[in-house]
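Observations on chain architecture
Now for the letters of each chain:
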Amino acid sequence: MTALTSGQIGVLARAVSRAPSVHNSQPWQLLVRGTEVDLLERRDVELRRHDPFGRDRLLSCGAAVTNLELAVRALGRDCHVEYGDDVAATVTIGRPHATPAREFALYKAIPRRRSYRHPFYPSPVPPAVRAAVAVAGEATGVHVVTPGHLDRLAELLGFATRVLREDRGYQRELEVWTAHTHGWSAIGDGVPEDALTRDALPVAGLVREETPVPDDVVLADRLAAEHLLVVCTDGDTRADRLAAGAALQRAWLTATAKALAGSVLTQPLHLTGFRARLVSELALPGCPQAILRFGYPAVPAAPSPRLPLGELFPPPGGPR
Ligand SMILES: Cc1cc2nc3c(=O)[nH]c(=O)nc-3n(C[C@H](O)[C@H](O)[C@H](O)COP(=O)(O)O)c2cc1C
């Protein structure tokens, strides 16, 4: 099988780099070995307060694996993805194969996808389009469901907002990941202030000290006015989390390809006991990994920065 040219490696690197990641930390690297490409999890990227067990880091790597797979297919090659224990995944590149139109549409959506943390245009998304977004995320062991009981979801999210607002250590860490994204100290990671809002949930994706706490009834009404999906997995292993991230990204790219915008919420899921309550109160079919909100965009949203592409490749001494 022909190895990749440097131009083709560039195509893969650009696609991976544009994947969404927790706090835009981009916790991945690429190791190209002939026709095998490893996506490495950068375990040194730590968010001790937000993501103490690295589960969002794995979801982020899963999202990057989807972009990597789509880029390989866009190059007209077949491929096989295998999640691993040491590496997040190995993508084995196969024979020349015409790119399926649907996969190419998702590949083209990669640079247009961004976190849209604003209210949506008040026009409902047709049921067939909503269903297509959910179906795109379905995979073995992964279920993408529309949550019911929005009154209970609102109560839980309202509770999480109050806890996270008051958590000083948590807020300090979040500040570190938002404060350096401007001016001379901008280095290509972190969440830019412009990408956040001063509104309440569900629009405010990341609760900060000044985030308003909406009344539960108001929040339930706002949730009902948006389209929500919960990505759930049968288990909660490393492979389940990677698969959840990959599924989330497929659903998100499908929404983007259909002129929709969206953002992801995992912040409240990290609170002790929150996940279990979500499962029982919303009768979810597995372990909730992420919530995707989507709708038609009302305003433009700028792309967030990325680290230089060179940082994607481990130095000669080995992965950092
Ligand atoms: C696993 C994961 C968890 C995330 N959690 C949140 C979240 O709780 N709130 C939020 O506003 N954005 C969340 N995001 C979105 C990231 O902040 C966003 O992808 C990153 O800042 C890059 O920006 P972009 O999506 O516009 O490319 C999450 C993304 C991933 C992949």
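None of these values were measured; they are calculated from a predicted model.

1. Considering the overall build of the protein
A count of helical and extended segments in the protein gives 9 helices and 8 strands. In terms of C-alpha radius of gyration, the protein reaches 19 Å, essentially the compact-globule figure of 20 Å for 320 residues. If one aligns the C-alpha atoms of the protein with their principal axes, the spans along those axes are about 60 × 45 × 35 Å. For the protein, with 320 residues in total, the buried portion stands at 55%. Put simply, 75% of the contacts in the protein that link residues at least 6 apart link residues at least 24 apart. As displayed, the protein offers around 13900 Å² of accessible surface, 56% of which is attributable to carbon and sulfur atoms. Across the protein, the centroid of the 36 positively charged side chains sits 5 Å from that of the 35 negatively charged ones.

2. Section: the domain arrangement of the protein
The domain architecture assigned to the protein consists of domain 1 (6-113 + 304-312) and domain 2 (127-295). Taken together, the contacts link 44 residues of domain 1 with 35 residues of domain 2. Carbon and sulfur atoms make up 60% of the area that domain 1 and domain 2 hide from each other, which totals about 3300 Å². At the boundary of domain 1 and domain 2, one finds 5 salt bridges.

3. Some thoughts on the pairing of strand S1 (residues 28-33)
Here S1 runs beside strand S2 (residues 36-41); their pairing, made up of 6 bridges, is antiparallel. Across the sheet, the residue bridging to Arg33 is Glu36, located in S2. The turn joining S1 and S2, which pair antiparallel and follow one another in sequence, is formed by 2 residues; a positive phi near 65 degrees is taken by Gly34.

4. Some points on the side chain of Asp38
Here Asp38 is to be found in strand S2. A distance of 2.7 Å separates polar atoms of two side chains, one belonging to Asp38 and the other to Thr90.

5. Side note on the environment of Pro126
Secondary-structure assignment places Pro126 in the loop between helix H3 (101-109) and helix H4 (127-137). Along the sequence, Pro126 and Leu223 sit 97 residues apart, while their C-alpha atoms lie 17 Å from each other.

6. Structural notes on the pattern of salt bridges
The final tally for this structure, using the stated rule, is 22 salt bridges. A salt bridge links Glu41 to Arg238, with the shortest nitrogen-to-oxygen separation between them at 2.9 Å. Of this pair, Glu41 sits in strand S2 while Arg238 is found in helix H8 (residues 238-257), placing the two residues 197 residues apart along the sequence. The partner of Glu193 in a salt bridge is Arg208, with the nearest N and O atoms 3.0 Å apart. Note that Glu193 is positioned in the loop between helix H6 (168-179) and helix H7 (216-224) and Arg208 in the loop between H6 and H7, a separation of 15 residues in sequence. By relative accessible area, which is 7% here, Arg208 ends up buried. When salt bridges that share partners are traced, they join Glu69, Arg73, Asp78, Glu103 and Arg250 into one network.

7. Regarding the sheet that holds strand S4 (residues 89-96)
Across the sheet, 4 strands lie side by side as S1-S2-S4-S3; this open sheet has antiparallel pairing. Every other strand in the sheet has two partners, leaving S1 and strand S3 (77-83) as the edge strands with one partner each. With strand direction ignored, the average angle separating the axes of adjacent strands in the sheet is 20 degrees. Taken together, the 4 bridges between S2 and S4 define a ladder with antiparallel strand orientation.

8. Some details on the site of the ligand
In the vicinity of the ligand lie 21 residues, with Arg113, Ser115, Arg117, Ser304 and Arg306 positioned nearest. Contact between the ligand and Arg117: an oxygen atom at 2.6 Å from a side-chain N or O atom of the residue. A distance of 2.9 Å separates an oxygen atom of the ligand from a polar atom in the side chain of Ser304. Isolated, the ligand exposes 630 Å² of accessible area, and the fraction of that covered by the protein chains is 98%. In terms of residue count, the dominant contributor to the shell around the ligand is helix H2 (residues 55-74) (3 residues). Across the shell around the ligand, the residue classes tally to 7 nonpolar, 9 polar and 5 charged. Of the residues that make up the shell around the ligand, three or more belong to each of domain 1 (6-113 + 304-312) and domain 2 (127-295).

What counts, and at which threshold
- Residues numbered from 1 in each chain as written.
- Predicted model: local features only at pLDDT ≥ 70, side-chain atom pairs only at ≥ 80, totals over all residues.
- Heavy atoms only, no water.
- Helix = DSSP H or I, 4+ residues; strand = E, 2+ residues; numbered from the N terminus.
- Rg over C-alpha atoms; globule rule 2.2 N^0.38 Å.
- Buried < 20%, exposed > 50% of the residue type's maximum accessible area, 1.4 Å probe, protein only.
- Contact = heavy atoms within 4.5 Å.
- Areas by Shrake-Rupley, 256 points an atom, 1.4 Å probe, with all protein chains shown as cover.
- Lys, Arg positive; Asp, Glu negative; His and termini not counted.
- Charge placed at Lys NZ, Arg CZ, Asp CG, Glu CD.
- Domains from an automatic or database assignment.
- Buried area = accessible area lost by both parts, 1.4 Å probe.
- Salt bridge = Lys/Arg side-chain N within 4 Å of Asp/Glu carboxyl O.
- Pairing = 2+ DSSP bridges.
- Polar contact = N/O pair within 3.5 Å; in protein donor to acceptor, adjacent residues only side chain to side chain.
- Axes fitted to C-alpha atoms, helices over the stretch in contact; angles between N-to-C directions.
- Near = heavy atom within 4 Å.
- Nonpolar A, V, L, I, M, F, W, Y, C, P; charged D, E, K, R; others polar.

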